[in-house]
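Descriptive structure summary
As a plain string of letters, each chain reads:
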Amino acid sequence: MSQADLTLDEHSTGLTIGPVFSIPTKKLAMWLFIIADTMTFAACLVAYGFVRNGSPDWPRPFHSITNVALMTFILLTSSLTMLLALRSARMGDKAAAFRWTMITAAAGILFAILHVREWMALISEGMTLFKNPWGTGLFGASFFTITGLHLTHVTGGIIALIVVGVRYKGGRYNADDIEILGLYWHFVDLVWMFVVPLVYLLNLAH
Amino acid sequence: MATAEGHWSAGTGIGKDLAVYLCLLVLAGLQFVIARQNIDASQLLWRMLAVAIVEAGLAVMFFMHLGTEKRGFALFVVIFTVFVLLAMQYGWTDSSRMVIGAPFSK
């Protein structure tokens, strides 16, 4: 027993030594990140609601829901494929776990492409961070900030999926790492469930 | 391989995951249907937000497996998150003041 252990024992009466909440440290770290990130997105969405509520000439530029519906379907389906990757990893089927992880990454890439295509269409109509042809310039700022933050998370997730998938296949990572990555990916999906109604559907042209 | 999850077993069926996925698809579709309704914007917001909260609950409980984590941890995540999210709603009256134009806003 080391001196550090002795010192700890001496002062640890009534304290628990071991993982907090009895869950693995990496998983706890991911949950804490998710909680913090929830606050970031919530703050952005509340700020967006604040300026939308306070702007009488808030624009409603979205005429079609096809693109956003397709993006939603892709992201939801990618959550299912992520679950399949975890299931395969837990069952020890490395090839299947790798395959489902890469399918999830591919779905993420498809989502990002559709998102960028939508951005390009809005930009070509004259929408920037500071102005747009339809109403208050705050719309562009809030739209690009919120969807951009989400797209950044998706992009980070895609990179993580590829890196973790490859390292899992190579034996450097295990099923726990796939699970932790899955938590992140499902969170990205969860955020989109709030972005769609608040940023897109509430601004549909009538 | 050391797995930290006590709730997982190799024989766990995929049926529940598929059912939750289909529920999420239906709820997402419901949001699009609600968006096409010709109702007041605030009504629209509350209805879509309610559906989004149900969707988020399903995703957190089943996809992220919070429902099968230790009770103390699940309570910590839910109580802490909900408290801060509710606390963020503190400024809405000020947003309305901007529209109404109370004297001190000018």
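Residues numbered from 1 in each chain as written. Chains lettered and ligands numbered in written order. Predicted model: local features only at pLDDT ≥ 70, side-chain atom pairs only at ≥ 80, totals over all residues.

Comments concerning the overall build of chain A
Rules: Numbering of helices and strands runs from the N terminus, with a helix taken as a DSSP run of H or I at least four residues long and a strand as a DSSP run of E at least two residues long. This radius of gyration counts C-alpha atoms alone. The globule rule is 2.2 Å times how many residues there are, raised to the power 0.38. Backbone-placed C-beta atoms define the burial measure: a residue is buried with 20 or more other C-beta atoms within 10 Å of its own, exposed with 12 or fewer, and partly exposed in between. Note that contacts rest on C-beta atoms placed from the backbone: two residues are in contact if these are within 7 Å.
Along the backbone of chain A there are 6 helices and 0 strands. In terms of overall size, chain A is more extended than a compact globule, its C-alpha atoms giving a radius of gyration of 21 Å where 206 residues would be expected to give roughly 17 Å. Taking the principal axes of the C-alpha coordinates as reference, chain A spans close to 70 × 45 × 20 Å. Residue burial in chain A is summarised as follows: out of 206 residues, 37% are buried. Contacts in chain A between residues at least 24 apart in sequence constitute 74% of all its contacts with a sequence separation of at least 6.

What about the overall build of chain B?
For chain B, the helix and strand inventory stands at 4 helices and 0 strands. When the elements of chain B are put in sequence order from the N terminus, they spell out α-α-α-α. Buried positions account for 16% of the 106 residues belonging to chain B. For chain B, the proportion of contacts with a sequence separation of at least 24, taken over those separated by at least 6, is 45%.

Digging into the confidence of the model for chain B
Residue and element names in this part refer to chain B. Basically, it comes down to this: Scored from 0 to 100, pLDDT reflects the predictor's confidence in each residue.
Here chain B averages 82 in pLDDT, while 77% of its residues score no lower than 70. By mean pLDDT, helix 4 (residues 92-100) is the weakest element of chain B at 68, and helix 1 (residues 15-35) is the strongest at 95. Counting contacts from residues 1-7, a segment whose pLDDT is below 50, to residues more than four positions away or on other chains yields 12 contacts. In the predicted complex, the global pTM is 0.87; the interface-specific ipTM is 0.86.

Looking at the interface of chain A and chain B
Applied cut-off: Only Asp, Glu, Lys and Arg are considered charged, only Ala, Val, Leu, Ile, Met, Phe, Trp, Tyr, Cys and Pro nonpolar, and every remaining residue, Gly among them, polar.
In this assembly, 40 residues from chain A lie in contact with 42 residues from chain B. When contributions to the side of chain A that touches chain B are tallied by element, the ones reaching two or more residues are helix 2 (25-53), helix 3 (66-90) and helix 6 (175-200) of chain A. Split into classes, the residues belonging to the side of chain A that touches chain B amount to 27 nonpolar, 8 polar and 5 charged.

Details of the environment of Ala56(B)
Summarising the element assignment, Ala56(B) is placed in helix 2 (residues 41-63). Judged by C-beta crowding, with 19 C-beta atoms within 10 Å, Ala56(B) ranks as partly exposed. Expressed as a C-alpha distance, the spacing of Ala56(B) and Leu18(B), which sit 38 residues apart in the sequence, is 16 Å. Setting aside chain neighbours within four positions, we find Ala56(B) in contact with Leu190(A) and Met193(A).

Considering the nonpolar core
The nonpolar side chains of soluble globular proteins are, as a tendency, buried together. Our working rule: Connectivity within a nonpolar core runs through C-beta atoms within 7 Å, and the core itself is a set of buried Ala, Val, Leu, Ile, Met, Phe, Trp, Tyr and Cys residues.
Core analysis: the biggest nonpolar cluster contains 64 residues, and Ala85(A), Ile178(A) and Val195(A) have the highest contact counts within it. Broken down by secondary-structure element, the contributors of at least two residues to this core are helix 2, helix 3, helix 4 (94-124), helix 5 (138-169) and helix 6 of chain A together with helix 1 and helix 2 of chain B. Sorting elements by how many residues they give to this core places helix 6 of chain A first, with 19 residues. Not counting residues within four places of it along the chain, the set of residues in contact with Ile178(A) comprises Ala85(A), Leu86(A), Ala89(A), Ala97(A), Thr101(A), Val164(A) and Tyr168(A).

Observations concerning the packing of helix 3 of chain A against helix 6 of chain A
All names here are of chain A. Counted only if it meets this: Only the contacting stretch of a helix is used when fitting its axis, a line to C-alpha atoms as for every element, and angles between N-to-C directions run 0 to 180 degrees. Here is the rule for angles: anything less than 35 degrees is roughly parallel, anything more than 145 is roughly antiparallel, 65 through 115 is roughly perpendicular, and the remaining ranges are oblique. A crossing counts as left-handed when the near helix is turned anticlockwise from the far one by less than a right angle, and as right-handed when that turn is clockwise.
At their nearest, the axes of helix 3 and helix 6 sit 9 Å apart, and the two run at 165° to each other. Taken together, the axes of helix 3 and helix 6 are roughly antiparallel relative to one another. Of the two possible hands of crossing, helix 3 and helix 6 adopt the one that is left-handed. Facing Val68, Thr72, Leu75, Leu76, Ser79, Met82, Ala85, Leu86, Ala89 and Arg90 of helix 3, the residues of helix 6 in contact are Ala175, Ile178, Glu179, Gly182, Trp185, His186, Asp189, Trp192, Val196 and Tyr200. Taken together, the residues that form the contact of helix 3 with helix 6 break down as 13 nonpolar, 4 polar and 3 charged.

Quick word on helix 6 of chain A
Which entries qualify depends on this criterion: Helix span, as expected, comes to 1.5 Å for every residue beyond the first.
An ideal rise of 1.5 Å per residue puts 38 Å on 26 residues; helix 6 of chain A measures up with 36 Å between its terminal C-alpha atoms. Taken across its 26 residues, helix 6 of chain A has 24 buried, putting it largely inside the fold.

Here we look at the packing of helix 2 of chain A against helix 3 (residues 71-87) of chain B
Following both chains from N to C, one finds helix 2 of chain A and helix 3 of chain B inclined at 15°, their axes separated by 10 Å at the closest point. The angle between the axes of helix 2 of chain A and helix 3 of chain B places the two elements in the roughly parallel class. You can see that helix 2 of chain A and helix 3 of chain B cross each other, and the crossing is right-handed. Counting all contacts with helix 2 of chain A, which are made through Trp31(A), Ile35(A), Thr38(A), Met39(A) and Ala42(A), the residues of helix 3 of chain B involved are Val77(B), Phe80(B), Thr81(B), Val84(B) and Leu85(B). Grouping the amino acids of the contact of helix 2 of chain A with helix 3 of chain B by side-chain chemistry returns 8 nonpolar, 2 polar and no charged.

Some thoughts on unusual backbone geometry
One non-glycine residue, His65(B), lies in the positive phi region at around 60°. Structurally, His65(B) can be placed in the loop between helix 2 and helix 3.

A word on the confidence of the model for chain A
Across chain A, the average pLDDT comes to 90, with 92% of residues at or above 70. Mean pLDDT values over the elements of chain A span from 51, in helix 1 (residues 3-11) of chain A, up to 97, in helix 4 of chain A.

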